[in-house]
Amino acid sequence: MDSLWLSCYVCVVMFGTISSCRAESTSSSESKSSHQMVIVAQKNSPLLVNCSDPSLSWINESEVKFKWFKDGRVMTPDSKRISVSQNGSLYFQSIKRKKRRGMNDEGFYECHKTFTSGTVIAKRVEIQIARISKTFIKDPQDQQAVKGGVARFECQVEATPSQVKYIWNKDGQQLTSDNRYTELPSGVLQIYDVQDSDKGAYSCSALNTFADAEGALPSSVLRHSKEAVLTVLNPTSDSQNGAPKMVAVSAVVNATKGGSAILECLVEGVVGSQIAWHKMVVMDNGTTKVEPVEDGFRVRRIGLGNLKFTKVMESDQGVYRCLAVSTKNRRNNSGQTILNVNYPPKLLTLPSSGDHPVVKRTRLHCVAQGHPTPTITWFHNGKKMKEDAGHIIFKQNNEQLVFENRVSDSGFYQCIAENPYGSQIATAQIRITLGKNAPSPPSTLMATPVSDTQVTLTWGSACCNVFVYTVHYNWITPDTQEEQSEQLVIQSNTCNVTQLLPYTTYHFYVRAYNSNGSSEASKIVDATTLQSVPRAAPKIRTDSLRVGSITLNWSPLLASESRGAITRYRIYYHVAENSSIQMIEIHNNTNTYTVTGLLPDQLYRVRVLAGTEVGYPTLSDHKWPWVSERTLSKDSPSTVIPAPHLEATPLSDSSVKVSWEVSNTSKEVTGFRLHVNRRIGPAHSRLFKLPADSTSRVVNSLENRIYYEAVLEVQGENETLGRSSLLFQALSPSSTPEPPPPMDVRVFAKSPHSLSLNWTRPHWTEGIAYYTVCYHIKDDYRKIMYERSDSQNHTLQDLHPYTTYTVSVRSHSPLTTGPFGTPQNITTLEDVPSPPEDVTLYPLSEGQVKLKWNPPTKKNGVIIFYIIQYHPHQDDPEFLWSSIHSNGTVTQAVVRDLTNTIYYFKLRACTTAGQGPPSNVVKVVLSPCVAACDGRNSSPPISSPTEGSDSFLQDQRLGIVIGCAIGLTSIIVCILVIVLRQRHYANLYQHSTRMVTHPDMGYRYQHQGFSTPEARRMVLMERQNKDRSSPSAYMSCNGKLLALSATDRHSDRQPTEAEQEPGENACLLWHQQALHHAQSDGNQSLSNDSGASLSCDIRGVSPESSSERHADSTWGSTRVNNLSGEASEGAVAIRPPPPGGHNNSPEWNARGDNLYNDCGISHSDELLKKMLQATSAELNSDSVEPLSSGSQNTLTMNSPNHAGLSDVESPDRETASRLEQAGSSGHHIEQGQVSSLEPEKSTEERQGSMENLSRSADFVSRSVERGNIC
């Protein structure tokens, strides 16, 4: 047995299926599964279809039964050819398709799995048999192509599956590969740059790709089309100079998400044309943006104009335009293609399982997404659910299911979302439970009609302390066919239900309640209210066809109007001039009657009244009006016959049988003429000439759901004896008829932003509930809008001006929705345009100005002319401005005879709706000579759209070239100057750098020196940046920069780490360590035990760039004569180091201790720390200027007792005394003479120098006050 099943699976793989089913499982009690709906099998091959769905694995019930359905009917498998296995799989020993013998395995199959708690649909699949048609839908047609042009052949064949491979042949041989040939998968052959060698006979062969799993090509699946001849013609001058011609452009392309799509675009004259694709993108504000489509990873060109998409995404959907522009004359042409991206449904919201009590309502949700929009169908225990008023209600396009809980509602609920590209199923389990000790349902429920509006209900009492009952009833309204429901609360076991509709069937059931809850619903009983008299009279149509007679026709009353079964009619008539009324009663339900025995050539008044078995109504005259009709005179020829009675019986969705009956004819009928006219969409008419004995005609090849009109003419001898028409819809017999759309929709433009519509109400027996108006911009299907209308008049608002819209209307009956009627195109009225864009002025010679502009962005109509306004003064009223008109097709003009130097221009565009707002005002200044050269022609300025100044444009280009050359030369000169200056400062810095080094100490200290031979001095220099209030003070001794003052003279704030450069932090740390050694070791001064060489070079750094540091900003060093090893002139006496020091040599004493005492400044660590802190922030400033030997701010000071400072008017005399104390403590300042570094200065220069010295003394004074100097 196992080997048999294995053989079956092998057969399935060999001959197999193209489609497979996919499923998604979840561990919860709600699940969803996706299904590929189609399985294609090869004829006479075995096929196995399983009944498993992994998404239903959460149903843990061992007992299960399988049942298969085909096309909605239960299958009874034949054990010989079709069988069902124990696991529910359906096995076909051999797939058959023999319609004559009734053996056709193609169809829609469902597998139902029944558990103890309910039934679920486990598999839904459609089985198709692979085949290919013997005839082609489209055969190649003969073509004539111009040499160097293009040619196109197309063939199509119907096949299952639809994927067919087309092979093109020329003269009986397969077409060889050539880059001038492009073969599209849709069966299209494109030939570019046609040559004489392309002449010949072309045909295509269609291959069913399902033919053989091993790749063989049996001849039985190959189909050959007819041959088509290609003729090559010589080109003409018109074909070479004209605009590109769009030979073929895809109208609508339907692609599957993730698949591929090709948009065809074949252009005549492609050799001399440029082809580009653009996508029309609708923005949020409603405007359209044109985006070019570039070749990329997923999009590329096929041939010269076709566009191919691979791995299509939803964002690819939209409208595309193929634009061809001739490279010779720039003439262009374009074609539009709509790309639809379709994908199977995806469930976003699933129904939830749960337990619910009776009486309450349960709501299940099922929301799906897909394209086209999927339809949602609900199933309960495998059966399709229908709406039942008072019990089951569908909302939001079936996305929500609401039902009143009954115990019988327990089971499995499934929502199926499907579209042509797939389906998805969601399953949930609902359990409806009764409360413990709840009452039993009421028994022996009886419903007795009492009148036309009342029904009496009685039932047996229920047990278990029932304190109240609820009566539930529902019905279907007669006209709208909508289900309605109501409920009443009753304390007894009898009830009179009133205010019901006459002659209407109601469905009743009762529930009982006690303190433990509700009972189950009782058995449902039906009752029909009694009949009543009609509340309206029939509407009649009259016609006098014979002398002395009037024929009456009327429409049957609506159910809500008849209020019972119409069994008789009364016809009342009288001569208009006579008040004596006569009456005829007809005892049958008919809709036509002929009143005879009337006087000829008399005006009669007629009306009809309908009655039921109850009687006739009593109506007022305005509800029952008279209708007038004049009878024929005796001299009138009796050639008029009654209109033939027409009927249309649907045979299929594309064929209808039209039958007729002719009676009371007084002349011989020689034949009939039957016209069948299409009433929706493109106009199309067919004529059938039939013999006199014909009574019917079958009309085939109709389009499904389209309305047609049948017009029958009764032909006599050289005359038409009668005519009748009938509107019918091509629809299958099993389909529900749909209401016809309005056939006489009239649309007219009301304003630039609105359209008005009106139409006549179409006749429909069920009545028209409302209408839907569909409209969109012509040929733009991206934004289609719908509006509901409850009357025969409607206005569309918020439209674009001067835009053509396509409008159509459809009808809605209470039960169904009809198709849209024939679309009509209407253009809204023109509106004023927006301002012209990009107005540009070009001054010309002799008072002339040339204007150029672009048309308005929103033309809102046809631009008939432009108004050019100009005036010398911009603020003057507009009526003072001069104006001229320019042709609306031209966007440039020349204004002459301008006498002023300055003019202001603005433009307006005009349509038939008026002139639009002005553009931006543009100013133009004319050359002085133009204003002086007046006295020429005093006539007003004129507009010349064609004149210009070529010489002016040439001079303008020459000026641009000269300006660019000058600018480039200036840039090069600046770069050279910067480079040379940098080299100069670099050489200067290298020349002035000194290094203090001591090998025994193991460190070196770099300082900045100046090549001035003068003795020690103090240098003060003000910064050049005048925005800072305090100058930067530099202290120098023996030509060496020693210290720099703080950034703010009134602040001793210590700079943060972010304000200090990394080198500054290192130097500060080094100085602190050095001071620590100096304090702890006495005279052993700066020492480095590790022997490491320490270097500190702190320079003024700009925050913007560290490369802008200048060597002249180095601080904190003293100079020692590195060659002789002796201290410079004016050196301070050095105390010998204590015994046990690191180095007691005189050389060390001359070099080491001189680091801090060379300038006569104290060893105080506080002084150095404060000055370091004060100068670190200053070093970050880019306002420090380098010092030079020739600085005018340089002064020297002398006197052993600070004589230089005593000559300065210091605000604080205490400062000088503290300096004297510092000198007396062992650090004296050597005497010297005050001398200038420069030639003799004037009195003003000396005063300036003294002011600078005063600032320096002030700085020292503040340092003493703050404790920076001990």
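All values derive from a computational prediction rather than experimental measurement.

**Q** Help me out: how do you make sense of the overall build of the protein in this one?
**A** Scanning the protein from terminus to terminus reveals 12 helices and 84 strands. Each of the 1270 residues in the protein was classed as buried or not, and the buried ones make up 45%. In the protein, 65% of the contacts between residues at least 6 apart in sequence involve partners at least 24 apart. In the form shown here, the protein has an accessible surface area of approximately 66,100 Å², with 49% of it arising from carbon and sulfur atoms.

**Q** Could you clarify how one ought to interpret the nonpolar core in this entry?
**A** Inside soluble globular proteins, nonpolar side chains tend to come together where they are buried. Judged by nonpolar contacts, the single largest core of 38 residues is most densely connected at Val658, Trp660, Leu674, Leu757, Leu796 and Val807. Counting residues per element, the ones that place at least two in this core are β58 (655-661), β59 (671-678), β60 (685-690), β62 (707-715), β63 (720-729), β65 (754-758), β66 (770-777) and β69 (804-812). A per-element tally of this core places β62 first, with five residues. With near-sequence residues (within four places) excluded, leucine 796 lies in contact with His753, Ser754, Leu755, Leu757, Val773, Tyr775, Glu787 and Val807. Counting residues in hydrophobic clusters, the runner-up holds 23 residues, among them Val49, Cys51, Val125 and Ile127.

**Q** Is there a simple way to explain the environment of serine 133 in this structure?
**A** By secondary structure assignment, the location of serine 133 is in strand β12 (residues 131-138). We classify serine 133 as partly exposed; its relative accessible area is 23%. Separated by 90 residues in sequence, serine 133 and arginine 223 have C-alpha atoms that sit 7.9 Å apart. With residues near it in sequence (within four places) discarded, serine 133 still touches Val157, Glu158 and Arg223. Separated by 3.1 Å, the side chain of serine 133 and the backbone oxygen of threonine 135 make a polar contact.

**Q** For this particular structure, what's the right way to read the pattern of salt bridges?
**A** Two side chains carrying opposite charge are able to pair once their charged atoms lie near each other. Counted under the stated rule, the structure contains 28 salt bridges. As a salt-bridge pair, arginine 131 and glutamate 106 come within 2.6 Å of each other at their nearest N and O atoms. Residue arginine 131 is located in strand β12, and its partner glutamate 106 is located in the loop between β9 (103-104) and β10 (107-115); the two are separated by 25 residues in the primary sequence. Judged by its relative accessible area of 15%, glutamate 106 is buried.

**Q** Mind showing me how you'd approach the side chain of threonine 816 here?
**A** Mapped onto the elements, threonine 816 comes out in the loop between β69 and β70 (824-827). Polar contacts involving the side chain of threonine 816 include one to the main-chain carbonyl oxygen of proline 737, which spans 3.4 Å. In contact with threonine 816, other than residues within four places in its own chain, are Thr736, Pro737, Glu738 and Pro739.

**Q** So what exactly am I meant to see when it comes to the confidence of the model for the protein here?
**A** In low-pLDDT regions, the fine details of the predicted coordinates are not to be read closely. The predicted model of the protein has a mean per-residue pLDDT of 74, with 69% of residues at 70 or higher. In this model residues 1-28 is a low-confidence stretch, pLDDT under 50, and it forms 52 contacts with partners more than four residues away in sequence or in other chains.

**Q** Explain the pairing of strand β45 (residues 483-490) here, please?
**A** Looking down a regular strand, the side chains alternate between one sheet face and the other. Two elements, strand β44 (residues 468-476) and β45, share eight bridges in a ladder whose sense is antiparallel. When the sheet's bridge partners are listed, valine 471 is paired in β45 with leucine 488.

**Q** Honestly, the packing of aromatic side chains in this entry has me stumped. Any pointers?
**A** The way to describe two aromatic rings as a pair is by their centre distance and the angle between their planes. On inspection of all chains with the given rule, the structure shows 24 aromatic pairs. Between phenylalanine 153 and tyrosine 202 the ring centres are 4.9 Å apart and the planes differ by 20°, which places this aromatic pair in the stacked class. You can see phenylalanine 153 sitting in strand β14 (residues 151-154) and its partner tyrosine 202 sitting in strand β20 (residues 200-208), a full 49 residues away along the chain. In this structure, phenylalanine 153 and tyrosine 202 share a single accessibility class: buried.

**Q** Explain a nonpolar patch on the surface here, please?
**A** Taken together, the side chains of Tyr781, Ile784 and Tyr786 define a hydrophobic patch exposed on the protein surface, amounting to about 310 Å² of accessible area. In this fold, tyrosine 781 is placed in the loop between β66 and β67 (785-789).

**Q** Honestly, the sheet that holds β10 in this entry has me stumped. Any pointers?
**A** Strand order in this open sheet of five strands is β2-β11-β10-β4-β5, and the pairing throughout is mixed. Each edge of the open sheet carries a strand with a single partner, namely β2 (38-41) and β5 (73-74). Taken together, the nine bridges between β10 and strand β11 (residues 118-129) define a ladder with antiparallel strand orientation. Bridged to cysteine 111 within β11 is lysine 123.

**Q** Explain the sheet that holds β14 to me, please; I cannot follow it from the model alone.
**A** The antiparallel open sheet is built from three strands, whose spatial order is β14-β19-β18. Only two strands of the sheet have a single neighbouring strand rather than two, namely β14 and β18 (181-184). Neighbour to neighbour, the strand axes of the sheet diverge by 15° on average, direction disregarded. In this sheet, strand β19 (residues 188-191) lies alongside β18 in antiparallel orientation, the contact comprising four bridges. If you follow glutamate 183 over to β19, its bridge partner there is leucine 189.

**Q** Explain the state of the cysteines here, please?
**A** Disulfides are covalent bonds that connect the sulfur atoms of two cysteines. A complete count under the given rule lists four disulfides for this structure. Through a disulfide, cysteine 366 is tied to cysteine 415; the S-S separation comes to 2.0 Å. Handedness of the cysteine 366-cysteine 415 disulfide follows from its S-S torsion of about 65°: it is right-handed. Placement of cysteine 366 in the loop between β34 (361-365) and β35 (367-371) and of cysteine 415 in strand β40 (residues 411-419) is noted, with a sequence separation of 49 residues between them.

**Q** For this particular structure, what's the right way to read unusual backbone geometry?
**A** A negative phi holds for most residues other than glycine; trans holds for most peptide bonds. Between threonine 160 and proline 161 the backbone carries a cis peptide bond, its omega angle lying at 0°. The omega torsion across histidine 371 and proline 372 is 0°, close enough to zero to call that bond cis. Despite not being glycine, asparagine 381 has its phi angle at roughly 55°, a positive value. Here asparagine 381 shows up in the loop between β36 (375-380) and β37 (383-384). At aspartate 779, a position not held by glycine, the phi torsion is positive, near 65°.

**Q** Mind showing me how you'd approach the environment of asparagine 87 here?
**A** Mapped onto the secondary structure, asparagine 87 falls in the loop between β6 (82-84) and β7 (90-92). With a relative accessible area of 46%, asparagine 87 lands in the partly exposed category. Leaving out residues up to four positions away in the same chain, asparagine 87 has contacts with Cys51 and Phe66. Here the side chain of asparagine 87 touches serine 85 through a polar contact of 2.3 Å, side chain to side chain.

Definitions and cut-offs
- Residues numbered from 1 in each chain as written.
- Predicted model: local features only at pLDDT ≥ 70, side-chain atom pairs only at ≥ 80, totals over all residues.
- Heavy atoms only, no water.
- Helix = DSSP H or I, 4+ residues; strand = E, 2+ residues; numbered from the N terminus.
- Buried < 20%, exposed > 50% of the residue type's maximum accessible area, 1.4 Å probe, protein only.
- Contact = heavy atoms within 4.5 Å.
- Areas by Shrake-Rupley, 256 points an atom, 1.4 Å probe, with all protein chains shown as cover.
- Core = buried A, V, L, I, M, F, W, Y, C linked by side-chain atoms within 4.5 Å.
- Polar contact = N/O pair within 3.5 Å; in protein donor to acceptor, adjacent residues only side chain to side chain.
- Salt bridge = Lys/Arg side-chain N within 4 Å of Asp/Glu carboxyl O.
- pLDDT = per-residue confidence, 0-100.
- Pairing = 2+ DSSP bridges.
- Phe/Tyr/Trp six-rings, centres within 6.5 Å; stacked < 30°, edge-to-face > 60°.
- Patch = residues over 30% accessible without salt bridge, like charges linked within 9 Å, V, L, I, M, F, W, Y side chains within 5 Å.
- Axes fitted to C-alpha atoms, helices over the stretch in contact; angles between N-to-C directions.
- Disulfide = S-S within 2.5 Å.

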